[in-house]
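# Structural overview for review
Letter by letter, the chains look like this.
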2 protein chains.
Amino acid sequence: MLGNLIFPEIEDLIKNRNLATLREVLAEYSPADLADLLTDIPSEMDQAVMFRLLPKDVATDTFEYLDVEIQLALMKSLGREEVSHILNDMSPDDRTALLEELPAPVTKQMLMMLTPEERSIANKLLGYKENTIGRLMTPDYIAIREDLTVEDVLANIRQFGKDSETLNVIYIIDEKGKLIDDIRIREILLSPLERRLSDLMDGNFVHLVANDDQETAVEVFKKHDRTVLPVTDNTGILMGIVTIDDVLDVAEEEATEDIQKLGGSEALEEPYSTISLFGMIKKRAGWLSVLFLGEMLTASAMGFFEHEIERAVVLALFVPLIISSGGNSGSQASTLVIRALSLGEIKVMDWWFVIKREFLSGLVLGGILAIIGFIRIMIFQYSFHTYGEHWVLIGLTVAFALVGVVTWGTLTGSALPLVIKKLGLDPATSSAPFVATMVDVTGLILYFGIAMILLSGKLL
Amino acid sequence: MLGNLIFPEIEDLIKNRNLATLREVLAEYSPADLADLLTDIPSEMDQAVMFRLLPKDVATDTFEYLDVEIQLALMKSLGREEVSHILNDMSPDDRTALLEELPAPVTKQMLMMLTPEERSIANKLLGYKENTIGRLMTPDYIAIREDLTVEDVLANIRQFGKDSETLNVIYIIDEKGKLIDDIRIREILLSPLERRLSDLMDGNFVHLVANDDQETAVEVFKKHDRTVLPVTDNTGILMGIVTIDDVLDVAEEEATEDIQKLGGSEALEEPYSTISLFGMIKKRAGWLSVLFLGEMLTASAMGFFEHEIERAVVLALFVPLIISSGGNSGSQASTLVIRALSLGEIKVMDWWFVIKREFLSGLVLGGILAIIGFIRIMIFQYSFHTYGEHWVLIGLTVAFALVGVVTWGTLTGSALPLVIKKLGLDPATSSAPFVATMVDVTGLILYFGIAMILLSGKLL
């Protein structure tokens, strides 16, 4: 937004290579704003020109705010020494995010540019599986032993705290490096200087485990309202910390994935604006084809009733209305249940609660649509005599089919995510296509079945 | 989860009113866990029994972690004095969230229970419109003047910091209360004791405005990777702070609303597990009826081609397949575009970029389905002679219709959210029904139109 407002001026300065003025103008902006500006510059060469003008520290901070795609483009334009400086200066969690995106040989090259110390940190973080908490963590924290006083701690921080990502919490470890407590910096700041840490300890702390899934981190942060949490290995040894800003990103990515899957494509895993056309089509064609193959069963189902349609073409007219109502009620139900599952509002073992209330909802919702549908047929009959002498029976067929299809759609839509979750799969991925297909095919059978009962001897 | 594991034991203790042991057992848990435990207790009376056993401070902390529904239930069971204690002790942002949910007369009663000081804070926070940043903020922050030294500040915090929600950042204000800088506590902790704050200041700070929408807060927190941000009024006077844990909740609520709206219902605004059956049906019936009314146009469109269906019933068999393919591709496109809009990855002014690539995607995706569809008809023809002598023409009709319908679905699905956003409405709310209706109706017209061209003189 900012970038769009002031962009013309800066673009001119870059174009005219008016670097002295540009440097002055850029000095006014924060790293986050500079990252925005850089992102808005179309030419990669111009991006590099602008980036080179930033003071070293600001450059690294700005670099950390950039999207990985732009980071990669920039690194191509920068010299080896500049890249090495940035890599060594970046905070470990951001660096891990960048290294992950590189092809393996390039990652290796980059790792070589790091100081031995930073390299060992990077290797350690890269050792954790994707989507584990280990990948989010940074080893920059302050851990001390319990026998220090508040004054010692403050002196300690002043001396050694420069590198740590957050000073909001101090971690207490035992002689083996095992986490035994956390103390918020506010406790320390509010205590008399001579108090010992052991007096401030309550042995009550929350921690994450490095091999756990990142989704766990989102839940724990939300439950305990923390801004930073310690990460241990399986034996309780303190390995690093995770800050909430990284978790906010994870939460948002998860929501995006859920939304995209519910919309019937695979998760794009890249911003819509930067994913390639081919990449996007690949993510979309799969499910669309699966859905299509499933929907082919509707042609077979319709074929089964071909003679009925021949004798009463009027029945065909309501087919789209009936199956779309089933589909809509099914997607309502599955969306609500999937979101409630992913927020932890309901669990698989609550299935009876869900099924009971969805069955009732389906009956009521189907009833509402049935009334609207019947009135619509009545109005058309009185106005245009569209449906002939048997219009009441046709209206009743449509109405009963709607109650049945909507109830069935609601039930299927709510039950399938629970079943899929129970099987250990992701409900967001797999529900939509199954619900759509099942509801459409069974909806058709139900509709024509009801028609055969109500209209036999009359229209059929 | 925790609640489920240890629940039987605690339930027994409550049932047998074995309060001494219960009190001991409860002392082991953190407020967040206690809140989980309370939530899992089915009877409101038992909840109150357990809650009363908690030490006063722990009780207030636990109360803050509870959902508003349970807070309200608990307050009914507690005595006036207990309620007054909790209300006065709660942090202002959590209290505001609770007071908002109460009917106006009850809110008034509650406000009366507060000390004059706390009441004025609550009234101030309640004065901001719903969904503004003002509602999220807490006035518990530390603001000081720039002429102090680091040592003064630390002493100051030790003396007056008890009430402040976070000590991670210190705010510098001028004599009028205007915010002029923020200094992270790490800067202060890392500086020599005799250094003046004015030397640490850089005049570069990010702030929120109390009347702005809460969505702005999510964006600013993400952009600047902060855990706490100051809030000013329109003139720059410091009013309070917002912490990231409240913003994480806002981000999640927003995603939930988007997901529920995309699923074709109104946002529930309450957890699925606690909303009443009637409340939920109300949220769902509206859009379902609107969609149904829209889909009624399909019956009219089909009616328009009644004679063609009579002469070639085979055409009717593919109607569900064709319109569901249009619907699926439309919902893919609209979901992706809506999420990209809400993440700020694309803006309305990028419409040409979006339309161009969705048009191409639609052609390719439609082409893929057309090939699958044609092959399916070919296989059935060779196996069962289902479609008679004109099967190639029928296959081509279906194939061309699929290309047309999928391209049209993709275009409509991507363009409508942009149009709706341009009109200042919420794309998540209104896109699904319009896309579905438009694509289904025009899909039918397209399909029968192509059939009339290709099959006239043959089947028609």
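Residues numbered from 1 in each chain as written. Chains lettered and ligands numbered in written order. Predicted model: local features only at pLDDT ≥ 70, side-chain atom pairs only at ≥ 80, totals over all residues.

## Notes on the interface of chain A and chain B
Threshold: For every residue pair, C-beta atoms are placed from the backbone, and the pair is scored as a contact if these atoms sit within 7 Å. Here a strand is any run of E in DSSP of at least two residues, a helix any run of H or I of at least four, and the numbering for each starts at the N terminus.
Each partner contributes residues to the interface: chain A has 88 residues there, and chain B has 88 residues. Ranked by residues supplied to the side of chain A that touches chain B, first place goes to helix H16 (residues 277-304) of chain A with 15 residues.

## Quick notes on the relation of the copies chain A and chain B
Here the second copy of the chain follows from the first by a rotation about an axis and a shift along it. Note the threshold: Least-squares fitting of one copy onto the other uses the C-alpha atoms of those residues that reach a pLDDT of at least 70 in both copies.
Expressed as a screw operation, the relation of chain A to chain B combines 0.0 Å of axial shift with a rotation of 180°, fitting to an RMSD of 0.2 Å. A rotation of that kind, with that shift, is consistent with a two-fold axis. Both copies present the same face, since 100% of the interface residues in chain A are matched by interface residues at the equivalent positions in chain B.

## A look at the pairing of strand S6 (residues 238-243) of chain A
Residue and element names in this part refer to chain A. The condition that has to hold: Burial is judged by counting other C-beta atoms within 10 Å of a residue's own C-beta: 20 or more means buried, 12 or fewer means exposed, and anything between counts as partly exposed, with every C-beta placed from the backbone. Strands qualify as paired when DSSP identifies two bridges or more between them.
Burial of S6 is extensive: six of the six residues sit out of reach of the surface. In this structure, strand S5 (residues 228-232) lies alongside S6, joined through five bridges in antiparallel fashion. Bridged to valine 228 within S6 is threonine 243. The turn joining S5 and S6, which pair antiparallel and follow one another in sequence, is formed by five residues; a positive phi near 95° is taken by glycine 236.

## Side note on the nonpolar core
Worth spelling out the cut-off: Residues of type Ala, Val, Leu, Ile, Met, Phe, Trp, Tyr and Cys that are buried and joined through C-beta atoms within 7 Å form what is called a nonpolar core.
Ranked by size, the top nonpolar core spans 208 residues in total, and within it Val242 and Leu402 of chain A together with Val242 and Leu402 of chain B carry the most contacts. Beyond its immediate chain neighbours, meaning those up to four positions away, leucine 402 of chain A contacts Ile322, Ser325, Gly366, Leu369, Ala370 and Gly373 of chain A. The next biggest cluster of nonpolar side chains, apart from the first, holds 20 residues, and it includes Ala35, Ile41, Tyr65 and Leu66 of chain B.

## Some points on the domain arrangement of chain A
Operational definition: Note that the domain bounds were set by an automatic or database domain assignment.
Looking at the assigned domains, one finds that chain A contains domain 1 (2-136), domain 2 (143-252) and domain 3 (277-455). Averaged C-alpha coordinates put domain 2 of chain A and domain 3 of chain A at centres separated by 52 Å.

## Quick notes on the packing of helix H4 (residues 44-52) of chain B against helix H6 (residues 68-77) of chain B
All names here are of chain B. Selection criterion: Between the N-to-C directions of two axes lies an angle of 0 to 180 degrees, each axis being a line fitted to C-alpha atoms and, for a helix, fitted only over the stretch in contact. Put simply, angles under 35 degrees are roughly parallel, angles over 145 are roughly antiparallel, angles from 65 to 115 are roughly perpendicular, and the rest are oblique. Residues are sorted three ways: Asp, Glu, Lys and Arg are charged, Ala, Val, Leu, Ile, Met, Phe, Trp, Tyr, Cys and Pro are nonpolar, and all the rest, Gly among them, are polar.
At a closest axis distance of 9 Å, the pairing of H4 and H6 adopts a crossing angle of 75°. Considered as vectors, H4 and H6 are oriented roughly perpendicular to each other. In this structure, H4 contributes Glu44, Met45, Gln47, Ala48 and Phe51 to the contact, and H6 contributes Ala73, Leu74 and Ser77. The residue makeup of the contact of H4 with H6, split by class, is five nonpolar, two polar and one charged.

## A short note on the packing of H16 of chain A against helix H19 (residues 319-342) of chain B
Filter applied, for reference: Note: crossing handedness is left-handed where the near helix turns anticlockwise from the far helix by less than a right angle, and right-handed where it turns clockwise.
One can describe the packing of H16 of chain A onto H19 of chain B by two numbers: an axis separation of 8 Å at closest approach and a directional angle of 155°. Considering their axes alone, H16 of chain A and H19 of chain B lie roughly antiparallel with respect to each other. H16 of chain A and H19 of chain B meet at a crossing whose hand is right-handed. Of the residues in H19 of chain B, those in contact with Arg284, Leu288, Leu291, Phe292, Glu295, Met296, Thr298, Ala299 and Met302 of chain A of H16 of chain A are Pro320, Leu321, Ser324, Ser325, Asn328, Ser329 and Gln332 of chain B. In the contact of H16 of chain A with H19 of chain B, the residues fall into eight nonpolar, six polar and two charged.

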